[in-house]
There are 2 protein chains.
Amino acid sequence: MDYTPRPDDIRFLLDAVLGAPARLAALPPFAEVDADLQAQVLAQAATFVGEVVAPLNRGGDETGCRLEGGAVQTPPGFAAAYQAFVDGGWPGLSAAPEDGGQGLPAVLEAVLYEWLAAANHGFTMAPGLLHGAYECLRHHASDDLKARYLGRIATGEWLATMCLTESHAGSDLGLVRTRAVPQADGSLRVSGTKIFISGGEHDLTPNIVHLVLCRLPDAPPGPKGLSLALVPKVMDYGRRNAVHCERIEEKMGLHGSPTCVMRFDDATGWLVGEPGRGLAAMFVMMNAARLHVALQGIGLLDAAWQKANAYAQERRQMVAPGADRAAGPSPIALHPAVARILDVQRAWIDGGRLIAYRTALQLDVARHAPDARARERAQQWCSYVTPVLKAACTQQGFDGASACLQVFGGHGYVREWGIEQTVRDARVTMIYEGTNEIQAIDLLVRKVLPDAGAGFAAALLVLRDELDASRDADADVQRRLAQLRYLTTNIAMAAHARPALPYELADDYLRLVMVTLLAWAWARIEQAPGAGEPQARAAAAFRRWVLPEFDMRAAIVKKACEPQP
Amino acid sequence: MDYTPRPDDIRFLLDAVLGAPARLAALPPFAEVDADLQAQVLAQAATFVGEVVAPLNRGGDETGCRLEGGAVQTPPGFAAAYQAFVDGGWPGLSAAPEDGGQGLPAVLEAVLYEWLAAANHGFTMAPGLLHGAYECLRHHASDDLKARYLGRIATGEWLATMCLTESHAGSDLGLVRTRAVPQADGSLRVSGTKIFISGGEHDLTPNIVHLVLCRLPDAPPGPKGLSLALVPKVMDYGRRNAVHCERIEEKMGLHGSPTCVMRFDDATGWLVGEPGRGLAAMFVMMNAARLHVALQGIGLLDAAWQKANAYAQERRQMVAPGADRAAGPSPIALHPAVARILDVQRAWIDGGRLIAYRTALQLDVARHAPDARARERAQQWCSYVTPVLKAACTQQGFDGASACLQVFGGHGYVREWGIEQTVRDARVTMIYEGTNEIQAIDLLVRKVLPDAGAGFAAALLVLRDELDASRDADADVQRRLAQLRYLTTNIAMAAHARPALPYELADDYLRLVMVTLLAWAWARIEQAPGAGEPQARAAAAFRRWVLPEFDMRAAIVKKACEPQP
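Quick caveat, the model's predicted, so the values are computed rather than measured. (Residues numbered from 1 in each chain as written. Chains lettered and ligands numbered in written order. Predicted model: local features only at pLDDT ≥ 70, side-chain atom pairs only at ≥ 80, totals over all residues. Heavy atoms only, no water.)

**Describing the relation of the copies chain B and chain A**
With an RMSD of 0.0 Å, the fit of chain B onto chain A corresponds to turning through 180° and sliding 0.0 Å along the axis. Here the transformation between the copies is reduced to the relation of a two-fold axis. Taking C-alpha positions as reference, the residue of chain B nearest the rotation axis is Met552(B), located at 2.9 Å. Comparing contact sets, 100% of the residues at the interface of chain B also lie at the interface in chain A, consistent with an isologous, same-surface contact. (Least-squares fit on C-alpha atoms with pLDDT ≥ 70 in both. Contact = heavy atoms within 4.5 Å.)

Spelled out as C-alpha cells, the structure:
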C-alpha cells in the first residue's frame, strides 16, 4: 500500500479556494505560470513521487543505512531514485533560472515536498536539505563560493547538510564549540564534532557540502560569537577533505536517512557571510525549512489516513449502529469511533494544507512582489504563521498517524501494513528544525509579545476581511479572532508582573492560533466552488471534535492571567 | 538507565491515602496481612524487579525473539529471570494457597505488575497471561483438568496463552472459525489458526497451556456459538500435541515478547466450561486483565518520567526565565515547557495509580468480603471503572511517554537513552485486551446506559461521601460528579431518538469519567497525611493543565445531545 499523491485534491485547494493562479500571475517571474502549467507540474510530480519514490519506502525502513569503512550505503534503490530526481530537474524547481533552477513558485515546491514526505520520509531528507543551503549561499556567500557551489546545489548535483548541533548544544546553539581558524590563503581550518547530521555521509552524490556553525578565534561566547563555514567533503581538485562520518545513529524511525556524527579535523572551509553572523545566515532559510517540516507532518498524516481509510472500507467487524443486521458485519468505517478518527484527520490534513499553501504563496509574494509593502506584509505572515504550522502540523502528524494505526487494531502494531512505520517516522518532525516547544516560544515570546500583539493582530486582519459575517461559520471565526486578540492583550499585561508566564502559556497560545486558522480554513473550503459532501463532512468533524479545543485553551490562558493570590 | 521501583511512593498511596491495610484486614483471608507484611512484600518485589528484570529490558528490545525450526528463543537472560521469578513464588502471589499460591491481596499483585511492565514490558507479557488462565480454569474447568493444570499454572511452572483472535476476527470474536470436534474419549480435536498469540511458543517453560476460543459442530453462528478448549503444547505422557508456531510477528515494539501465529491441526484438547459459553468463561478474567493493562500504561509512563526527569535535571540549555544569567545555562527542568511535561505526567501517574489501586482493592473485596452486598458493590465498581482505567491510562502511557521523549530533543529519537523503546512498547496497550474504543463502548453503551446511568451514579456516590464540601477542591469534584450525572441523563434521553449517538460520544464520556476520577484522586492525595510539595505541585499541574479537558468534553457532549435541526 504505497502512498498515492492526489493532484485533484491539491488543485481544488490551490485554485478554487486560494485563487493561487491569479495570485501568482501577479508576481513578475510567474507571469507565464498559469493554471495549466501548474497543473502539469503537479501531475508530473505526482507521477514521479508515486512511481519512483513511494515504492522504496518500506525497504528504506527495513534495510536502513549502513556505515562501512567511513562510507554510508543508503537503502537499495535510493541512489537511482535520487539520480532520476536530479534528471527530472526537481531539486531546482523553485531555484533561480540563473543558478540552473526552474524558477517556479515555492508553493509548487511545497506540494512536491509534502508528497515526497508522505511517500518516503527517509528519502526526502536528502534533497530536503538542499533548499536551505541554496538560500543561505545565495544570500550570504562570496561570489567565489557561489561560482563554485551554488549551481551544483541548486540542481542537486551535490547535496548539502546543516551542521549545527553538538552533543552539549542542541536547542541552545550558543554553546557550540567547533572552532574555525583563518589561514593565510583566506580559508579556514575547522575542527569539532557535530551530531544529528542528516545526510552527513552517503552514496547519492559525488560531493557533500557542509554548512558548519563554528566559532572564530577570540569570538565572544554565546550566539553572537557564531560564524558559518562551508566545508566540502571533496575539494575542488578532487582531494578528500578532513571530514569524517564517525557513526550513524540507531533511531526510532527515519531509517532511510543516515543521521551522522561528523568529525572535522582541521578540515578546510570558507566563511559564509560575516564573522559572528552565523546564526543570521542560517535563519534566512528557517521559514522555508520549517514550512517544509509542517508539510511533512501533513504528508505523513495523509499517508496514514490513506492506509487507514482503505483498511476501514475493507475490514468488516460487527454490525455498525443503524446498519442492516442481515447484511452481516459492517465495514469498520461505518462504526462511529472509526469514522471519527478518519474524519478528524481529514479536517487536519486539508485544513492544514490550506494554511500551509497560503503561507507558501506568501513566501512567493515575499520574494517576488514588486511592491515593498506587499513583500513586507507577506514576510510578516510567514514569520508569525510558520512556527504555528511547524508545531501543530507535526504534532497532529504523529498523534493522527497513531490514531490511524488504531483503526487497524492489532494489525496496526505489526509491520505488515506499514502504518507503524509512518508513526515512527513522523515522531522526529516534532523535534527537528527547532522543537515544537521552541516554536511556541518563538511565536509568543519573540514575535507576538514584543509589540503586545499589535503586529500579529494586523497580520490576521486579512483573514477577517476574507470572511462574510452574514454566514454563521464566518461570524464564528471573526469572534474567535477577536477573542485571540483579547487573550494576547491579557498575556501581555500579566507578563509585566510575571515574566515567566508567556513561557508557561506558549503552547496553549500556539494551539489557539492554529485552531483559529483551521476554523478560517474550513469556513473558506466549505464555500468554495466545487466543495461537496467530503468537504462538508470534514468541516463538520472539525467543528464537532477539533474546534472545542479553542475554548479549553482560552480558559487555561484566562485563568493563568488572573492576578495570583 | 534502568527503571527503579519506588516502594515508598506506592506505600504513601496505599497506606496514607487509601487506608489499604485496614481495608484488607477486614477481609478474612487477609486478617494476618498487616501493613508490615505488605511493606515487606513490596520491598522484595522492588528488589527483584529492579535487579533481575529491569536490566534485561534493552537487550530484549534489541535482540528480540527468534523462531527456528518451530522453536522460539526468547532474548538472552529471559529464561533465567523467569525461573527466578518462579522460584521467588511471584507468579502465585495472589493465587489461592490450596493451588500452591501465596494467597496475598490482588492489590499487591497489581503493584508488582505495574513495576514489571515499567521495568520490562516484553518480559512481563509471559507471566502476565497466567493470571487470567488461572482464574478461568479455577472457575470453569472440570476437576480432572484442574488436577492436571491448575497448580502448574498457579505457580508459573507452566505458562499459558489466550488464543482468541483470528485474522478475520479481532474485535468481533463472533466471527471465530476454529473448530473443535468431540471424540469418544471426551477430548476434542481442535483445528484452526490463531494470530497475535503472546507467548504462543517460547523456551521459558517445558509446557504451554493454550486456552482456545473455538466452535463445536452445529454451534450457532456468532458469539453464542463459541466454546473454550484447553490445548496443551505437551501432553501428559510427554508427546508433543499438534500445535505449531507458524510465524512470529515483526512489531513496532514489545520485541521481548513473541507474538505468534499458532496453527492447531487436530490438536487434542478438552472443553473448559459449558459448550457455547466460551466468551463467558473468558470474561471472568477480563476485569483483572484490563486493570493490569491499565497499570502497564501507568508503569510505562512512570518509566518514561524517570528517564526524562533524570535527563532534565542534568541537561543544561539556555537560561530559564527568572534564573540567574551569571550561572550560565539552566537545567532544562527549570524551563516551563519541560516542567509542564514532567508535572503533567506525575499528575497522571500518581492520580492513575490511586484509582487503579482502589480498583484492585475492590477486586479483593469482590472476592473475599463476607458480606454479599459488599462483594456486589465492589464488583460493580470494578465493572464500571476498569474500562475507564484501561483506555485512559494506556492512552496517557503512550502520549505521555512521547511527551517525555520530547524532553530529550533529538537525543530522544535515537536508541541511546531508551526512551523511544518505551514509546514503541507502550503503543500496544491501547490495542490489546479490547481496543480503547471498545472500552469506551463497554462503559457507556453496555454498562452505563442500560439503566440510564442509575447504577453508575450509585457506584460513584461512595466518592462523594469521601469528600469534604468545605474544601474548595472537594466541592469542585462534587460539582463535576453532579455534572457527569446530568450529562449521562442527557445522553440517555437523546439516545432514544438517535441510537448511534452513544457510540459517537463514548470516547468523550470515558474521558469525562477519567478526569473526574483524577480530580477525586488529587483532592484525596493532597490532603493525606504526609503529602508535601511534590504532591502539591502535581495537584496544581492537574488542575491547571488536565482538568480543563472536563469542560471541553462536557461541551462536546452537551452540543451533540441538542435536538438536531
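**Some thoughts on the packing of helix H19 (residues 501–526) of chain A against helix H20 (residues 533–546) of chain A**
Residue and element names in this part refer to chain A. Two numbers describe how H19 lies on H20: the axes approach to 10 Å, and their chain directions differ by 155°. When the axis of H19 is compared with that of H20, the two are roughly antiparallel. The chirality of how H19 crosses H20 is left-handed. Residues Val515, Leu518, Ala519, Trp522, Ala523, Ile525 and Glu526 of H19 form the contact with H20, whose participating residues are Gln535, Ala538, Ala539, Phe542, Arg543 and Val546. Split into classes, the residues belonging to the contact of H19 with H20 amount to 10 nonpolar, 1 polar and 2 charged. (Axes fitted to C-alpha atoms, helices over the stretch in contact; angles between N-to-C directions. Helix = DSSP H or I, 4+ residues; strand = E, 2+ residues; numbered from the N terminus. Parallel < 35°, antiparallel > 145°, perpendicular 65-115°, else oblique. Left-handed = near helix turned anticlockwise from the far one by under 90°. Nonpolar A, V, L, I, M, F, W, Y, C, P; charged D, E, K, R; others polar.)

**Points about the packing of helix H18 (residues 472–497) of chain A against helix H21 (residues 548–561) of chain A**
All names here are of chain A. Here H18 crosses H21 at 25°, and the two axes come no closer than 9 Å. With respect to their mutual orientation, H18 and H21 come out roughly parallel. The interaxial crossing formed by H18 with H21 has left-handed handedness. Side by side, H18 and H21 meet where Arg480, Gln483, Tyr486, Leu487, Asn490, Ile491 and Ala494 of the first sit next to Phe550, Asp551, Ala554, Val557, Lys558 and Cys561 of the second. Considering only residue class, the contact of H18 with H21 consists of 8 nonpolar, 2 polar and 3 charged.

**Things to note about the domain arrangement of chain A**
Interface size is commonly expressed as the accessible area that is lost once the parts come together. All names here are of chain A. Along its sequence, chain A is carved into domain 1 (7–65 + 74–138), domain 2 (140–149 + 156–277) and domain 3 (286–561). Placing the centre of domain 1 and that of domain 3 at their C-alpha centroids yields a distance of 23 Å. Together domain 1 and domain 3 conceal approximately 3,100 Å² of surface at their shared face, both sides included; 64% is due to carbon and sulfur atoms. Remark: the boundary between domain 1 and domain 3 carries 4 salt bridges. The partner of aspartate 61 in a salt bridge is arginine 424, and the shortest N-O contact between them spans 2.8 Å. Residue assignment for the side of domain 1 that touches domain 3 shows that the elements contributing at least two residues are helix H1 (7–17), helix H2 (20–25), helix H4 (57–63), helix H6 (106–119) and helix H7 (121–128). The biggest single contributor to the side of domain 1 that touches domain 3 is H6, with 9 residues. Split by residue class, the side of domain 1 that touches domain 3 holds 23 nonpolar, 2 polar and 7 charged. (Domains from an automatic or database assignment. Buried area = accessible area lost by both parts, 1.4 Å probe. Salt bridge = Lys/Arg side-chain N within 4 Å of Asp/Glu carboxyl O.)

**Overview of the pattern of salt bridges**
Throughout the structure, instances matching the rule amount to 84 salt bridges over all chains. Between Arg23(A) and Glu466(A) there is a salt bridge, with its nearest N and O atoms 3.9 Å apart. On the criterion of sequence distance, the pair formed by Arg23(A) in helix H2 and Glu466(A) in the loop between helix H17 (454–465) and H18 is long-range, its members being 443 residues apart. What you see here is one network of salt bridges that share partners, running through Asp61(A), Arg415(A), Glu420(A), Arg424(A) and Glu250(B).

**Topic: the UniProt feature "domain: Acyl-CoA dehydrogenase/oxidase C-terminal" (unreviewed entry) in chain A**
Under the UniProt annotation, the feature "domain: Acyl-CoA dehydrogenase/oxidase C-terminal" (unreviewed entry) is placed at residues 276–441 of chain A. Secondary structure within residues 276–441 of chain A divides into 74% helix and 0% strand; the distance between the first and last C-alpha atoms comes to 24 Å. (UniProt positions renumbered as here; feature names shortened; annotations may be inferred.)

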